[in-house]
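# Residue-level structure breakdown
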Amino acid sequence: MTFKPALTVTEWPSVNPLSSEKDYRGSIHWTQHSPLLIDNGSSELRAGFSSSTLDAPMYAFDNIVSRFLDRKRSTNVILCGSDCYVDAQARSNIKSPFDADVVCGMDSMEYILDYTFGRLGIDTERIDHPVLMTETLCNPEYSRAQMNELLFEAYQVNSVNYGLDALFSAYSNNIRNDGLIVSAGRSSTLVVPLAMGHGVLDNAKRLTWGGAQAVDFLQKLLQLKYPNCPQKITTYEVQCMLEELCYTSSDYDAEIRHFQVPENLAKADRVVQLPFTAPERKEKTQEEIELAEERKRAASRRLQEQTRLMRQERAQQNENDLKYYTLLREWKDKESQENYLARLESEGFDTEQEFERVYKRLDTSVRKNRAEELGEEFHEEKKEPEFPLADVPDADLDEEGLKEKRRQLLMKAGYEARLRTRAEKEEKKRLEEERDAKERKEQRENPEAWLKKIHAQYNEILARIHKRKRLRDMLPNRKSAAAQQRMKSITALASENDASSTGSQRRRKRGEDEDTFGADDSDWAVYRTINDATNEEEEAKDHEQLEELEQKLLEFDDKFTEEDTYAAMLSRKSRLTNTFLRGFEPKWDPEDAIQFHQLHLNVERIRVPEVSWQPIIAGVDQAGVGELCRHVLRSFDETVRGRMIQNVLVTGRYSQLPGFDVRLQSTLRSVLPPHAPLSVRRARNPRFDAWLGMRQWVFEQNEVFRATSISRADYDEKGPGWFQEHGMSACVNR
């Protein structure tokens with residue numbers, strides 16, 4: 001399997017150098033008073049004169065402003081466009097005049113227009129050109145009035161006209177009569193019908209999802225996927241990942257199911273390498289490695305020799321102690337009991353029993369050591385313990401005897417408990433042998449019924465394991481049923497007036513301070529209820545039984561293979577998770593600085609673009625692009641609809657993700673008659689088509705352009721909100 005190399009994140013855009021002085025007064029733009037065309041997009045502003053012969057606007061730059069105080073020079077600095085990326089301080093103060101796709105910050109807009117006119121070389125006190133500017137669909141009257149006031153009062157323009165960029169883009173792509181324009185921009189996605197050369201904006205639809213929301217969504221997905229990412233991922237870097245790595249899936253559900261196989265997910269994986277500084281590692285020579293290994297071996301030999309000497313010393317000490325205690329023990333038959341006990345006391349023993357225990361331990365240790373030296377196997381002689389004082393009345397014993405009796409009683413109780421445990425184990429073993437014999441008999445007599453029973457037991461244990469896992473996953477959520485049931489159990493335990501309480505619960509009434517909780521065995525059942533989801537003993541038992549059943553199924557059921565086992569299922573799930581987070585190859589190494597600074601994009605490559613078609617994925621309660629197109633087409637009669645579907649245009653920066661037009665065509669094809677003449681095509685130049693369409697419209701429809709422009713006289717007489725409608729305008733009512 002081959003994998004594509006890692007992609008390096010794109011750096012900040014370089015700052016455009018200041019242009020040289022333009023001969024504005026000697027150009028055709030000045031002499032002919034050519035209309036000034038401004039495509040005022042929320043992401044990029046494109047400007048130029050209609051008399052320009054270029055295949056692109058004269059200037060295009062990011063529609064942003066950065067205003068900050070330069071502390072070194074104690075001056076206010078205002079930067080526009082790509083100059084805002086000059087340093088970190090400028091980047092941290094970037095602002096946009098747009099709120100979504102509506103111009104709201106007129107102060108910032110004024111800075112941008114100043115910058116625009118300066119880059120065009122205009123050096124006059126007023127802008128002596130008609131202005132054609134784009135605006136958003138259904139632009140609020142207040143925003144347009146503010147823009148008119150800015151242009152007429154601050155720049156004293158001759159006239160202003162407004163139009164919709166999506167319609168201008170369609171005009172540039174030779175769609176003049178009927179068509180359907182899908183424009184996916186930075187802040188929204190528009191579906192605009194075109195009939196008889198006019199945009200029917202009463203039937204247009206808007207989806208508040210575009211490139212900016214997609215970038216934000218992808219950034220959040222990466223933050224959730226890599227919460228410990230060593231480096232902050234900037235918005236610009238995420239935008240580059242979106243535009244270079246993401247694509248629109250033709251069948252999202254089928255592709256997601258396809259990704260459930262780790263190998264398929266690995267093929268779609270793309271690695272983004274974040275910048276990092278590799279740690280310096282000093283490579284050792286072969287001689288240094290061999291010298292280090294020799295030092296380790298020498299240290300190991302010294303340690304083994306020290307351990308051997310210590311064992312010899314300890315064995316010799318035990319031999320000497322045993323000889324001394326043997327001689328001391330012989331005094332028991334040579335003198336009275338009282339003198340013997342006094343002799344033992346002088347040696348540090350309080351009782352004769354304590355001396356006998358020490359003597360026995362030394363004797364066992366010496367015999368074991370001698371057997372090891374001779375290479376023989378040591379067998380310790382085990383005798384049934386005796387408890388001679390257990391049945392002696394207390395009245396017949398002195399203080400030392402009473403102490404020894406209590407000790408023997410404890411030893412006797414432990415010994416009897418061990419005997420009972422051994423008997424229970426033997427009985428359990430006998431019952432298991434009987435059950436196994438019965439099962440073997442069932443297997444021989446009716447193998448199909450036996451296999452069916454084993455499968456039923458296997459599925460029952462699996463269901464318990466899955467249920468317990470679900471409860472564990474639900475407990476952290478305090479609103480889940482499991483967490484609420486747990487709180488009810490805890491409340492019932494703490495409550496003094498619980499109807500189900502027993503007489504053994506806490507009593508704190510009228511001076512009854514006695515705490516008797518636990519006196520009744522039923523009181524402890526509440527703990528079992530509380531900890532039911534995390535009962536480790538039951539879970540371990542279920543896993544043990546599951547392994548036993550799997551071994552039987554593997555041996556006697558040909559259809560049950562290693563791939564069907566619970567461990568294989570967990571391994572597949574773990575492999576899928578690891579592939580999702582860290583890729584398929586190479587194996588994840590947290591010590592590797594290169595891998596630690598990598599991001600893996602796989603499912604996100606189709607999940608983010610899919611929001612345009614299924615907005616609910618990102619929590620947007622709106623219809624998707626395909627559904628909006630269907631609603632728009634159904635609002636026209638069959639004849640007009642048939643002409644529209646022949647000219648479906650996809651434009652806008654966000655719509656340029658691979659597969660967008662293919663997905664739109666398949667979506668529309670599914671709701672149209674089989675032989676409907678559907679044609680979906682991309683804009684020739686999505687970035688500049690709107691501006692080129694403006695220039696073409698001004699040239700071909702110059703009379704309409706001038707007749708529908710707002711003059712200074714109209715502005716003074718009818719107010720800043722006055723607007724002339726035309727076929728390319730953004731709020732036409734026909």
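A quick note: this is a predicted structure, and the numbers were derived from the prediction, not measured.

Moving on, we get to the pairing of strand S11 (residues 159-164). For a regular strand, side-chain orientation follows a simple rule: the groups alternate between the two sheet faces. The element S11 is extensively covered by neighbouring structure, given that 6 of its 6 residues are classed as buried. Read from strand S10 (residues 131-135) through helix H4 (residues 141-154) to S11, the crossover connection turns out right-handed.

On to the sheet that holds strand S5 (residues 65-70). Paired through their backbone hydrogen bonds, the strands of a sheet run either parallel or antiparallel. Pairing within the open sheet is antiparallel, and its 3 strands lie in the order S6-S5-S7. Each edge of the sheet is formed by a strand with only one pairing partner; in this case those strands are strand S6 (75-80) and strand S7 (94-95). One ladder, built from 6 bridges, connects S5 with S6; its direction is antiparallel. Across the sheet, residue Phe68 finds its bridge partner in S6, namely Val77.

Right, let's get into the nonpolar core. Within the largest apolar cluster, 49 residues are counted, with the highest numbers of intra-cluster contacts made by Met241, Leu242, Leu599 and Leu664. Counting 34 residues, the second-largest nonpolar core is a separate cluster that includes Phe61, Met147, Phe152 and Tyr155.

Mapped onto the elements, Asp70 comes out in strand S5. In this structure the side chain of Asp70 is engaged in a polar contact, spanning 3.2 Å, whose partner is the backbone nitrogen of Lys72. Every residue in contact with Asp70, bar those within four places of it in the chain, is listed here: Thr75 and Val77.

Pairing in this open sheet of 6 strands is mixed, and the strands run S4-S3-S2-S10-S11-S20 from one edge to the other. What marks the edges here is a single partner per strand, and that holds for strand S4 (59-62) and strand S20 (710-711). Pairing of S11 with S20, which is carried by 2 bridges, proceeds in the antiparallel orientation. Within the sheet, the bridge partner assigned to Val160 lies in S20 and is Ile710. Lying on the sheet, helix H24 (residues 689-700) is in contact with strand S2 (36-40), strand S3 (44-49), S10 and S11; it crosses S2 at an angle near 150 degrees.

What follows concerns helix H17 (residues 536-556). For H17, built from 21 residues, the straight-helix expectation of 30 Å at 1.5 Å per residue is met to within 8% by its first-to-last C-alpha distance of 30 Å. Among all positions in H17, only Glu539, Asp542, Leu546, Leu549, Glu550 and Leu553 are buried. With its buried residues spanning 110 degrees around the axis, H17 presents them on a single face. Turned more than 90 degrees from where H17 packs its buried face, Glu537, Lys541, Glu547, Gln551 and Glu555 sit exposed. Residues of H17 that are buried sit in contact with helix H14 (447-474) and helix H18 (566-582).

Conventions and cut-offs
Residues numbered from 1 in each chain as written. Predicted model: local features only at pLDDT ≥ 70, side-chain atom pairs only at ≥ 80, totals over all residues. Heavy atoms only, no water. Buried < 20%, exposed > 50% of the residue type's maximum accessible area, 1.4 Å probe, protein only. Helix = DSSP H or I, 4+ residues; strand = E, 2+ residues; numbered from the N terminus. Right-handed = clockwise from strand over helix to strand, strands pointing away. Pairing = 2+ DSSP bridges. Core = buried A, V, L, I, M, F, W, Y, C linked by side-chain atoms within 4.5 Å. Polar contact = N/O pair within 3.5 Å; in protein donor to acceptor, adjacent residues only side chain to side chain. Contact = heavy atoms within 4.5 Å. Axes fitted to C-alpha atoms, helices over the stretch in contact; angles between N-to-C directions. Expected span 1.5 Å × (residues − 1). Arc of directions from axis to C-beta.

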